[in-house]
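# Observations on the model geometry
Given next are the chains, with one letter for each unit.
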Amino acid sequence: MKINGKHYRTIWVHQDDPSVIQAIDQRFLPHEVIIEDLKDVDAIAKAIKEMHIRGAGLIGTTAGYGMYLAALHAPRHSEEAFMSALVHAGEMLKATRPTAVNLEWAVNRCLEAIKAEKGIENKIAAARRTADAIADEDAAFCRRIGEHGLPIIEEISRRKKGEPVNILTHCNAGWLAFVDYGTATAPIYAAHEKGIKVHVYVDETRPLNQGGQLTAFELGQNGVPHTIITDNAGGHLMQHGMVDMVIVGCDRATRTGDVANKIGTYLKALAAHANGIPFYVALPSSSIDWKIRDGIREIPIETRSENEVKYIRGRTKDGKIESVLITPANSPAANYAFDVTPNHLITALITERGVCPATEEGIAGLFGHGNND
Ligand code: MRU
């Protein structure tokens, strides 16, 4: 998608130096567009852990490139030493963030591709090929999610006789959370491109404000009308008929359609349910954890530093990007990064293969039982 009129992906291989991965450092958005050079797997792990890059699809893609850089720098004197370095790199990457299953999925996919090749040069080539494939698929799948979600928005627009369709979203499941297009935003971008009037209510999404900072930024850069609201405003808007539908993203779904997404999503789903408003979750199949059925008990929920709750980051009037303390210095804070929305609160899932009920049968109808074929 576009920033200042120029098309970007969130991550790519350096045009002149294939040993360098470049990514937009999202800690500085919306104030500055800074491109970071990532030169080894440690830098990739740090970028994931410290959220220079974030969002399920982008975390997975970045991990794929991490495996490629690990392969480039692994010892070459024996295949055994090479593979052991790769397995170690994979474990290190998987330990960076626990909730988005795309991370584990991408690392395992790279490892399998590397193992399947004979000879170190071929293994390195396989790592690069696989990382590129993960990135390209991520963008292609998000585009398809847009195509499958578009008729839902079109139908509401028809019902409203062309009046703007008001869509509420939480956090950032936009193109900045993937390689391109995003998931929750893909149907919105598709509708906007087609000339359908849409307006997005963007939850600011404390504590890190991915909604107010990132979703608002990318919608604005791509011409989509939107309004930032506080995290607690959604229920009020829904009670007053100001929201036609909710679309959110997903960091990990169970095979039964329970969904983990940014903290606060569950409350939006409850409010939507209570007000009879359709609640959609958009996700690529790489976010489905086929091993688990019960999201509340089985999805690991990341807890992060209390400083993310106690401090808020922004740009001062003289242009500096700074964090300021907004709570009593000594009050403890708890920072749960995700919550689980049970499948019965979800109207449908929007995936790269189509729209389905958030049930085991619905998901299996599109994907079978987990082999993704
Ligand atoms: O902590 P983050 O920023 O990596 O969280 C991910 C998210 O932005 C949301 O949970 C998003 O809605 C799903 S990721 C596509």
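A quick note: this is a predicted structure, and the numbers were derived from the prediction, not measured.

Here we come to the overall build of the chain. Counting its regular elements, the chain contains twelve helices and 18 strands. Taken against the 2.2 N^0.38 rule, which gives 21 Å for 373 residues, the C-alpha radius of gyration of the chain at 20 Å falls within 12% of a compact globule. Sorting the 373 residues of the chain into buried and exposed places 55% on the buried side. When the accessible surface of the chain is totalled, it reaches about 15,500 Å², and 52% of it is carbon and sulfur. With 40 positive and 46 negative side-chain charges, the chain shows a spacing of 2 Å between the two charge centroids.

What follows covers unusual backbone geometry. Residue P30 is bonded to the preceding L29 through a cis peptide linkage, with omega at 5 degrees. Among the structural elements, P30 can be located in the loop between β4 (21-24) and β5 (35-38). P207 follows R206 through a cis peptide bond whose omega is 10 degrees. Here P207 lies in the loop between β7 (198-203) and α7 (210-221). Unusually for a residue other than glycine, Y181 sits at a positive phi of about 65 degrees. The topology assignment puts Y181 in the loop between β6 (165-169) and α6 (186-193). The backbone of T205 sits at a positive phi, close to 70 degrees, despite the residue not being glycine. One can find T205 in the loop between β7 and α7.

Right, let's talk about the sheet that holds strand β11 (residues 259-262) for a bit. Spatial ordering of the open sheet is given by β13-β10-β11-β16, a layout of four strands whose pairing is mixed. Strand pairing shows two members of the sheet lacking a second neighbour, β13 (288-289) and β16 (338-341), which therefore form its edges. Across two bridges, the pairing between strand β10 (residues 252-254) and β11 is antiparallel. Within β11, the position partnered with A253 by the bridge is V259.

Another aspect to go through is the domain arrangement of the chain. Interface size is commonly expressed as the accessible area that is lost once the parts come together. Domain annotation of the chain identifies domain 1 (2-137) and domain 2 (148-367). Contacts between the two partners involve 33 residues from domain 1 and, on the opposite side, 35 residues from domain 2. At the boundary of domain 1 with domain 2, total buried surface from both sides reaches about 2,900 Å², with 53% on carbon and sulfur atoms. Three residues stand out in domain 1 for area buried against domain 2, namely H31, R54 and T99, and they jointly supply 22% of the buried area on that side. In this structure, the connection of domain 1 to domain 2 is made through two salt bridges. Measuring nitrogen to oxygen at the nearest pair gives 3.1 Å for the salt bridge that ties K291 to E104. Linking domain 1 with domain 2 are 20 residue pairs in polar contact (both at pLDDT 80 or more). At the level of secondary structure, the elements contributing two or more residues to the side of domain 1 that touches domain 2 comprise β1 (2-3), α2 (56-73) and α4 (102-116). For the side of domain 1 that touches domain 2, the leading source of residues is α2, giving four residues.

Turning to the pairing of strand β17 (residues 348-351), a few remarks are in order. Burial of β17 is two-sided: the residues A348 and I350 facing one way and the residues L349 and T351 facing the other way are all buried. Direction of pairing for strand β12 (residues 279-282) relative to β17: parallel, over a ladder of three bridges. Within β17, the position partnered with V281 by the bridge is L349. Bridging between β17 and strand β18 (residues 354-356) involves three bridges; their strand directions are antiparallel. The residue of β18 that forms the bridge with T351 is G354. The antiparallel pairing of β17 with β18 creates a hairpin that spans two residues between the two strands.

Attention now goes to the pattern of salt bridges. Counted by the stated rule, this structure contains 24 salt bridges. In this structure, R109 and E137 form a salt bridge, with 2.9 Å as the shortest nitrogen-oxygen distance. Of the two residues, R109 sits in helix α4 while E137 sits in helix α5 (residues 120-159), which places them 28 residues apart along the sequence. You can call R109 partly exposed: its relative accessible area is 24%. Overall, the relative accessible area of 25% leaves E137 in the partly exposed class. A salt bridge links R304 to E302; the nearest nitrogen and oxygen atoms lie 2.8 Å apart. Here R304 matches E302 in class, with each residue buried. Connected through salt bridges with shared partners, the residues R97, E302, R304 and E308 form a single ionic network.

Analysis parameters
- Residues numbered from 1 in each chain as written.
- Predicted model: local features only at pLDDT ≥ 70, side-chain atom pairs only at ≥ 80, totals over all residues.
- Heavy atoms only, no water.
- Helix = DSSP H or I, 4+ residues; strand = E, 2+ residues; numbered from the N terminus.
- Rg over C-alpha atoms; globule rule 2.2 N^0.38 Å.
- Buried < 20%, exposed > 50% of the residue type's maximum accessible area, 1.4 Å probe, protein only.
- Areas by Shrake-Rupley, 256 points an atom, 1.4 Å probe, with all protein chains shown as cover.
- Lys, Arg positive; Asp, Glu negative; His and termini not counted.
- Charge placed at Lys NZ, Arg CZ, Asp CG, Glu CD.
- Pairing = 2+ DSSP bridges.
- Domains from an automatic or database assignment.
- Contact = heavy atoms within 4.5 Å.
- Buried area = accessible area lost by both parts, 1.4 Å probe.
- Salt bridge = Lys/Arg side-chain N within 4 Å of Asp/Glu carboxyl O.
- Polar contact = N/O pair within 3.5 Å; in protein donor to acceptor, adjacent residues only side chain to side chain.

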